[in-house]
Structures are given as C-alpha cells and as structure tokens.
Amino acid sequence: MQTVLELQGVRKSFRIGFIPRTKAILKDVSFSVAKGEIFGYLGPNGAGKTTTLKCALGLIFPDGGTIRIFERSYLEARAKERLGFLPENPYFYDYLTGREFLDFYGQLFGIPKNERAARIAALLQLVGLEKSARLQLRRYSRGMLQRVGLAQALINEPELVLLDEPLGGLDPLGRREIRDIILGLREQGKTVLLSSHILQDIEMICDRVAIIVGGRILSQGKLSELISEKILFTEITVSGVGEAELAPFGECLSSQPGRILVKIPEENKIQDVLDLVRERRGKIHTLVPRTQTLEDLFVDMVKPQ
Amino acid sequence: MTVKVIALNTFKEAVRDRILYLLLFFAAVSILFSRVLALLTVGDRAKIIKDVGLASISLFGALMAVLIGTGLVYKEIEKRTIFTLISKPIRRHEFLLGKFFGLLLTLLVMLAAMSLIFVALVFVETRAVEWRLFAAIFLVFFELALITAVAVLFSCFSTPILSSLFTISFYLIGHFSWSLDLLIKKARAGAAKASLRVLSAVLPNLENFNVRTEAVQGLPFPPGLFLYAPAYGIAYAAFVLVLAVLVFRRRDFV
C-alpha cells in the first residue's frame, strides 16, 4: 500500500493575545493516507482539523514533527503540483468570473492554453456551473462558491485532493452531487482527504477515518474496524398491546396514540415480544436492529474531554 | 512564469477596482486645473501648466501606489484567497514579486493615461510636444516603483491604514531628506555629524527622481542623472523587496 500523505508527531501552537500566551492547537498528530482511498478526518469544531491541513499545505509551519506528501518534503513545489485543495468557507477573487478564476489557477500550473480551456469546460460541467461561468464570483451564492472551489481544486488533475468541509453550505441536493463527485474521484484512482464534522457524510463515503479531539488523534482505522457490527439494541414499534405488558422486555420509549416503541437490549427477548403481540392479536409496525454508528463512537470519544 | 500570471491577475484586480478610477479622475481634474491657474498668472502661462501638471502626475501616481499597494498583500491574507494560492506550486517570493510587478504594470498604464492628458493640454497651449517633459515623467516611474516596493513591504505585516501612514511617511521623508545635507554642512565635526551622515545614507532621497524644475524651466539636466536615478531606484526597491520576502517567508497564514 503506497502512502500518499504522512504526518508524524505534528505539533503546532500559536501565541495569542496582547500579552502573548501560547496555546497548543496540535499536540500530537500522526496519520497516513494511502493511495486510492477516501480518508475522513473527523473532529468537533476547534479540534485542529483545518490547522492540520494548513500545516500539510505549507500555509503555516509546524513546531515539530514531519509531514511528507508523495514521499517528498511537503514544502517542495513539485509535491504541490500533484495536489488539490479546497479551503473551508472558500473566499476567492470576487472580481473574476468563474471561467477567469479557473483559468488563473490553470495558468499557475503551466497548463497549455487549449488543454486549459478543455479542462475548464469539463470541470464547469462536473460541478454544474456552466451557466454561471461568465458571472463575477461576487454574484455567486455560497453553494456556487463551494462548487467553483472544488473545480479549482481539480484543475491540475491532482492525485491527492484535500477538502476542508467540502459539504458545508450546500443544500441536500448539492451535498449529494458533491458526494458523487468525490466517489467519482476515487474511481479514477485519486486519493481524497476530507475533513468534516458531519458524520453521515463521512460514514457514507469514507474508507478510513481518523478522529481528532483537542489536537490529538484519538482513533484511526477502517470504518468497519472502528464501529462494531454488534447489535446494540432492537427497536420494535407495536400496537394493540398494553405498555405495562411490554415493560418487562425493555424500555418503552414513546407512545404515540395506539403505538408503542420498545427498546429491547437483549436479542433473545425479541422472540418473546413477537409471541406476545401475536397472542394479543396486535400488530408489528417496525423492527429495527441498531448497530453502533460513527456518531456513537464519536460521542463516546468527545465526551470525556 | 508564475510571477507573470500573478502579476497579470493583480493588474486585473487593480483595474477592476473603483478607487483607481476615482484617483485618475482627480488627477485629471488637477492637471486640467493648471489651465485655470495659468489664467491667473502674469507671465509664462505654459510654465505654470507644465509645473502644476507634472506635480499632479507625481503626486497622484504616489497616491495610487500607496492606496492600492498597501492593500495588495493584506487583502489576500484577510480574504483568505492566499490559502488556495500558496497551496499551488508557488514559492512565497514569487507571490510577492507577482504582486509588485502587477501593481507596477497598473501604475505604468495610469502614468501613461495621466501623461496623455497632460501632454495634450500642453500641446493645446504651446502647439509643441516637449520631450523634456517625458524625461521628468520617466524618473517619476522609478520613484513610484520604489514607493510600491515599500507599500508591499508594509502590507506584508500590517493593516492597510497603518501601511498607508508608513508609506506616506516614507514618501515625505524621502522628499525632505536633502535638508539633512544642509544640516551636515553646518554641524560641527564629531559624533553628531557622523550620525547625521549615517542617517542621510540610510534614508531614501526621492529628490533624485525630481527633475521637474529643469524640465519646465528649460535648464540642463544634471549630468548622469538618467543613469544614476533609475539605478538608485531599482537597487533601493530590490533591497526593500528582499526585506519583504524575509518577513513573508516564515509567516503563518491563519
């Protein structure tokens, strides 16, 4: 397995305030991203996700630790030629039109003119902005900026794409489109690192994740390894049976008129409940086994901090 | 190559900014106002037009350099556009040089526009195109290059308002530093005189770029000035830009 991005023991602190106090943002960050995977970088607000990405991009200089991109030093311009980056809350040159904006970045990579035009047309189509290509960016909505930002990150056909909160500020339809684009990138053999605090998105598309809390990586690995497949409890919605009768089997959570949701922690009691309902000629509406989700894992990790 | 791309984008940014046209408008008003002043003058009217016109070009050129130059780098950091830029294969000094040359290109175009208005006005008055006037404008360009470099330097670490104040101070000091030489002549030999000498060597002398009196009055230009002044301007600007790169190289963009 080829490693594309590797961070080892990265530390960073900032001096803040009028009388400077040192505040450590990254205490010990180590993880590696393998070629061809979608790597999720998770953490609550202020955990140091963006700071980590900025270190990797050479926007800020870490106090200690090593960072390597494509097995080169991260500050080398040649390492950056194969890299794409979408910042969080993208702010761009608002006096440029969408097309000029992409053209500017294309020129920075020294892409020849004809090829640039072809790539820009393809990217505008990919992110669904063909109609707004002649509009100045100051007239773009938040979601459109996010899209043009993604297009900008892909202009050099990068092998590694770093996306900081790529799904922020998008409506549900937009999120899905961007998600599909990210999955498409993996199909093309590209590597994606995306940071987010929105767990569903990560759960849906990521192969591996790292969880950062308070400047330290608390856990990393394959999603399937981190989250146990074990069934935590089963939720059954029934009607036609009294709440008192169900109480011995588990917790009765909500009782809509006529319906009761029972949370049953033990697997062997499910059959007993079903038998009881059949006996009373009641009705079973739903039966949902709940496994651990990324959210459960995340909450468990963040809470003790 | 990347320097050129960034420079052209900076030019685009400046040209699409309203403040530039506002300044150009007032420069034009100021140049044309010399015609009114000429009416009030007893004597050579053309001289007044030339004198006020050249002074306007120099002053408004400097204002453009200060007002646009001090915001250039700061805005990129403040608006976070620098994040995507630095993540591309660009070295930080290329970014700074791109910004500098972009503004220089803008100033060249603006200088050309102001000169056109000025020369047209002089032509209406005297029915002649005087090449001596272009010589004076030529030196103004090098002065602007130096001011731009200083504006970029301050813009690397401070806000536009403070940078503007600093750069304007630089401009004023530069135009009055010749009076130090008078002081040196009058000072008694000793520590005071030596320190004044050091000060005079370090401080910029922007009067090197001023041949307006000679151009207007038809006096001979100081010999060698057209080699010395541009060389002085370029060397000083290069020194200031090196300082800017040193400041900028290790800066964190948060």
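Residues numbered from 1 in each chain as written. Chains lettered and ligands numbered in written order. Predicted model: local features only at pLDDT ≥ 70, side-chain atom pairs only at ≥ 80, totals over all residues.

## So, the overall build of chain B
Quick reminder of the rule: Only DSSP runs of H or I with at least four residues qualify as helices, and only runs of E with at least two residues qualify as strands; both kinds are numbered from the N terminus onward. As a reference, a globule follows 2.2 Å times the number of residues to the power 0.38, and the radius of gyration itself is taken over C-alpha atoms. With C-beta atoms placed from the backbone, a residue is labelled by how many other C-beta atoms lie within 10 Å of its own: buried for 20 or more, exposed for 12 or fewer, partly exposed between the two.
What chain B contains, in helices and strands, is eleven helices and zero strands. Seen in sequence order, chain B has helices and strands lined up from the N terminus as α-α-α-α-α-α-α-α-α-α-α. In summary, chain B has a C-alpha radius of gyration of 20 Å against a globular reference of 18 Å for 254 residues, a match within 12%. A buried classification covers 40% of the 254 residues belonging to chain B.

## As for the overall build of chain A
Looking only at helices and strands, chain A features eleven helices and 14 strands. The C-alpha atoms of chain A give 24 Å as radius of gyration, which overshoots the globular expectation for 305 residues (19 Å, by more than 25%). Each principal axis of the C-alpha atoms in chain A carries an extent, and together these give about 75 × 50 × 45 Å. Here chain A holds 305 residues, and 39% of them are scored as buried.

## Some points on the domain arrangement of chain A
Threshold: Domain delimitation follows an automatic or database domain assignment.
Entries for chain A in the domain assignment read domain 1 (3–226) and domain 2 (231–297). Taking the mean C-alpha position of each, domain 1 of chain A and domain 2 of chain A sit 43 Å from one another.

## Re helix α3 (residues 98–108) of chain A
All names here are of chain A. Counting buried positions along α3 yields nine of eleven residues, so the element is predominantly enclosed. Here α3 has its buried residues at G98, F101, L102, D103, F104, Y105, G106, Q107 and L108. Positive phi shows up at G110, right after α3, with a value of about 70°.

## Considerations on the environment of V288 of chain A
All names here are of chain A. Where we set the bar: A residue pair is marked as a contact if its C-beta atoms, positioned from the backbone, fall within 7 Å.
In this structure, V288 sits in strand β14 (residues 283–291). Take V288: there are 10 C-beta atoms within 10 Å of it, and that puts it in the exposed class. Along the sequence, V288 and G184 sit 104 residues apart, while their C-alpha atoms lie 32 Å from each other. Sequence-distant contacts of V288, defined by excluding residues within four places in its chain, comprise T234 and E235.

## Some words on the packing of helix α3 (residues 45–78) of chain B against helix α5 (residues 92–126) of chain B
Two quantities define a packed helix pair, namely the angle between the helix axes and the distance between the axes. Residue and element names in this part refer to chain B. To be explicit about the condition: Angles run from 0 to 180 degrees between N-to-C directions of axes, and those axes are lines fitted to C-alpha atoms, restricted for helices to the stretch in contact. For this classification, under 35 degrees means roughly parallel, over 145 means roughly antiparallel, 65 to 115 means roughly perpendicular, and everything else is oblique. Take the far helix as the reference: if the near one is turned anticlockwise from it by less than a right angle, the crossing is left-handed, and if turned clockwise, right-handed. Under the scheme applied, nonpolar residues are Ala, Val, Leu, Ile, Met, Phe, Trp, Tyr, Cys and Pro; charged residues are Asp, Glu, Lys and Arg; polar residues are all the others, including Gly.
Where α3 contacts α5, the two axes come as close as 10 Å, and the packing angle between them is 165°. By the angle between their axes, α3 is roughly antiparallel relative to α5. When you trace α3 past α5, the crossing you get is right-handed. By residue class, the composition of the contact of α3 with α5 is 17 nonpolar, six polar and four charged.

## With respect to the pairing of strand β13 (residues 259–264) of chain A
Every regular strand shows the same layout, with side chains that alternate between the two sheet faces. Residue and element names in this part refer to chain A. For clarity, the threshold we go by: Here the rule is simple: two strands pair whenever DSSP picks up at least two bridges between them.
In β13, alternate side chains face the same way, and those of I260, V262 and I264 are buried while those of R259, L261 and K263 on the opposite face are not. Here six bridges tie strand β11 (residues 231–239) to β13, and the two strands are oriented antiparallel to one another. In the strand pairing of β13, T237 is matched with L261.

## Re the interface of chain B and chain A
Counting from both sides, the interface comprises 22 residues of chain B and, opposite them, 24 residues of chain A. Listed by contribution, the elements that provide at least two residues to the side of chain B that touches chain A are α1 (2–15) and α4 (81–86) of chain B. Here the element with the most residues in the side of chain B that touches chain A is α1 of chain B; it accounts for five residues. Taken together, the residues that form the side of chain B that touches chain A break down as eight nonpolar, five polar and nine charged.

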